[in-house]
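# Residue-level structure breakdown
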Amino acid sequence: MTDPRTISIHDYSYVLPESKIAVYPLAERDASRLLIYRDSAITTDRYKNISEYIPAGSLLVFNNTKVVEARLIFQKPTGGVIEIFCLEPHEQYPDITTAMLQKGKVWWQCLVGGASKWKTGQVLEKKIPGNNETTLHAKYIEKRSDCFIIELTWEPSSLSFAEILHEAGAIPLPPYIKRAAELTDTERYQTVYARFDGSVAAPTAGLHFTPGIFNALEEKSIKTDYVTLHVGAGTFKPVKSETLKKHEMHAEFIDVPKTTIENILYNIENNIIAVGTTSLRTLESLYWLGVKWREGYGKWRVGRAEELLQWEAYELVKKKIPVKESLEGLLEWMNKHELKRLVTKTQLLIAPGYEFKIVKGLITNFHQPNSTLLLLVAALIGEDLPGGQAGWRKVYDHALKNDFRFLSYGDGCLLWKTNPH
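The structure displayed is predicted, hence computed values, not measured ones.

## Describing the environment of Ala205
In this structure, Ala205 sits in the loop between strand 11 (196-199) and helix 4 (211-219). The exposure class assigned to Ala205 is buried, which follows from its relative accessible area of 2%. As for Ala205 and Ala138, which are separated by 67 residues in sequence, their C-alpha atoms are 34 Å apart. Apart from residues lying up to four places away in sequence, Ala205 is in contact with Val275, Gly276, Ile363, Thr364 and Asn365.

The following block contains the structure:
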């Protein structure tokens, strides 16, 4: 495995006209176009037919995180507006689920629009009309290099923070969708299988899936399972440094049931396909976490797995631990502590040179230039053999020339790993 720290981000750029960015989703989720890339060949279809391109016996792994209404608008008595974007919980909480269930008060890491107009200690108030009038207060606690710590309190205190966000907040559409969130986004910027509150962005590859597609997968004996990675705002963070060495990957919470790890282990010789880059990063992180456990790296606490740092995979690869042995190590640790779920954070950055351990295919949307998501795609499909053209560039050139819709509400692709067996 080659260390990608010296990669120049300029090699992963392309011109994305604004007219190619999907501002609204199609009326039907599974009507979106699908590009299939395998063995250097490109074919196209619609998502509703995706089961035709996946072999029977494959395992599809989805991210069942749920987007929360993370944008809160407060108006000061003087008329000024303060916008609070809730990024992730304060570090006092062990995981996002625990923080979301807090009642009456919570501390959160936030971005703040209009922060210069907000004095430390000043309390903002927002009244939410409803059956019972709910009042939300925000207090500026601390400024950090990349966020603010905000204390949020509310009445009635019997409500959880997840319920408060649902009542008081708005869905945070990505910055490249240049319009205000509308009522329909509450449903459409959410997968049909979303379950656990915690993301500030949707795992968009899953937006195309419908009950009809799931039925077609089942009829073909294609298996499905779920992991949870709570998507942070860092997913939109472009690589601004010349090389990857100076880019800091945003750490995100992952939560994986023990039964899912057992299922992955059982299907390790089959085609394991990640639905979305977040699912892929979670699956690959499981392997490296197992290696860390086997090799005695880090401090493994009761109930909380060791975190995976940005570059660790490129160092741990020297250990040459078989996938089966690594996953068995994770299960051994979970059994020892009687855990049903593995909860931790991953900062794994996947770029060309990365050696995939679990995933053989990826279902994903088309990503922004100069993004870590595009680097991940490039790593998976490798160099296109004829002429040595980069596989990702062949895929993206085809999509641009054939009017595919890009980014979150756009079309997508099924990409197979180069030499998957």
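Next, the rest of the story.
## Focus: the pattern of salt bridges
When the charged atoms of two side chains lie near each other, side chains of opposite charge can form a pair. Enumeration according to the criterion identifies 20 salt bridges in this entry. Here Arg144 ties to Glu142 by a salt bridge, and the two come within 3.2 Å at their closest N and O atoms. A relative accessible area of 33% places Glu142 in the partly exposed class. We note a salt bridge from Asp185 to Arg179, for which the minimum N-O separation is 2.8 Å. Residues Asp185 and Arg179 agree in their burial class; the two are buried. Salt bridges here are not isolated pairs; linked through shared partners, they connect Asp3, Arg5 and Glu315.

## Things to note about the sheet that holds strand 13 (residues 252-257)
On the basis of which strands lie adjacent, the open sheet formed by nine strands has the order 2-1-17-16-14-3-12-13-15 and mixed pairing. The open sheet is flanked by strand 2 (41-46) and strand 15 (341-346), the only strands paired with a single partner. Each neighbouring strand pair of the sheet contributes to a mean axis angle of 25 degrees, computed without reference to strand direction. Pairing between strand 16 (residues 361-365) and strand 17 (residues 412-416): five bridges, direction antiparallel. Bridge pairing links Asn365 to Gly412 in strand 17. The sheet strands contacting helix 5 (residues 258-266) are strand 3 (59-63), strand 12 (223-229), strand 13, strand 14 (272-275) and strand 15, and the helix crosses strand 13 at an angle near 75 degrees. Its contacts with the sheet put helix 10 (residues 391-401) on strand 1 (33-38), strand 2, strand 16 and strand 17, and the angle it makes with strand 1 is roughly 150 degrees.

## Concerning the packing of helix 5 against helix 8 (residues 323-336)
Their axes nearest at 10 Å, the elements helix 5 and helix 8 cross at an angle of 155 degrees. It follows from the interaxial angle that helix 5 and helix 8 lie roughly antiparallel. Helix-helix and strand crossings are classified by hand; for helix 5 and helix 8 the assignment is left-handed. Each of Lys258, Ile261, Glu262, Ile264 and Leu265 in helix 5 lies in contact with helix 8, whose residues at this interface are Lys324, Leu327, Glu328, Leu330, Leu331, Met334 and Asn335.

## With respect to the sheet that holds strand 8 (residues 123-128)
Here six strands make up an open sheet; going across it, the order is 5-6-7-10-9-8 and the pairing antiparallel. Among the strands making up the open sheet, the edge pair consists of strand 5 (71-75) and strand 8. Averaged over all adjacent pairs, the angle separating strand axes in this sheet is 40 degrees, with direction ignored. Sheet topology note: the strand 9 (residues 134-143)/strand 10 (residues 148-155) ladder contains eight bridges and is antiparallel. Pairing of Tyr140 across the sheet is with Ile150, part of strand 10. Contacts from helix 2 (residues 161-168) reach strand 5, strand 6 (81-89), strand 7 (105-113), strand 8, strand 9 and strand 10, with the element oriented near 105 degrees to strand 9.

## Some remarks on the nonpolar core
Soluble globular proteins tend to bury their nonpolar side chains together. In terms of nonpolar packing, the biggest core is built from 88 residues, with Trp288, Trp392 and Phe406 touching the most fellow members. With eight residues, helix 9 (residues 372-381) is the single largest residue contributor to this core. Discounting chain neighbours no more than four positions away, the residues touching Phe406 are Tyr14, Leu16, Lys20, Ile21, Ala22, Phe366, Tyr396, Ala399 and Leu400. Core analysis: the next-biggest nonpolar cluster, separate from the first, contains 35 residues, Leu136, Phe148, Ala168 and Val200 among them.

## Let's talk about the side chain of Asp411
The residue Asp411 is located in the loop between helix 10 and strand 17 in this model. No salt bridge forms around the buried Asp411; measuring N to O, its nearest opposite-charge neighbour Arg405 is 4.5 Å away. Looking at Asp411, its side chain comes within polar contact range of the main-chain nitrogen of Arg33, at 2.9 Å. Setting aside residues up to four positions removed in sequence, Asp411 forms contacts with Ser32, Arg33, His208, Asn365, Phe366, Phe404 and Arg405.

How each quantity is defined
Residues numbered from 1 in each chain as written. Predicted model: local features only at pLDDT ≥ 70, side-chain atom pairs only at ≥ 80, totals over all residues. Heavy atoms only, no water. Helix = DSSP H or I, 4+ residues; strand = E, 2+ residues; numbered from the N terminus. Buried < 20%, exposed > 50% of the residue type's maximum accessible area, 1.4 Å probe, protein only. Contact = heavy atoms within 4.5 Å. Salt bridge = Lys/Arg side-chain N within 4 Å of Asp/Glu carboxyl O. Pairing = 2+ DSSP bridges. Axes fitted to C-alpha atoms, helices over the stretch in contact; angles between N-to-C directions. Parallel < 35°, antiparallel > 145°, perpendicular 65-115°, else oblique. Left-handed = near helix turned anticlockwise from the far one by under 90°. Core = buried A, V, L, I, M, F, W, Y, C linked by side-chain atoms within 4.5 Å. Lys, Arg positive; Asp, Glu negative; His and termini not counted. Polar contact = N/O pair within 3.5 Å; in protein donor to acceptor, adjacent residues only side chain to side chain.

Everything listed here is a matter of geometry and, on its own, says nothing about what the molecule does.
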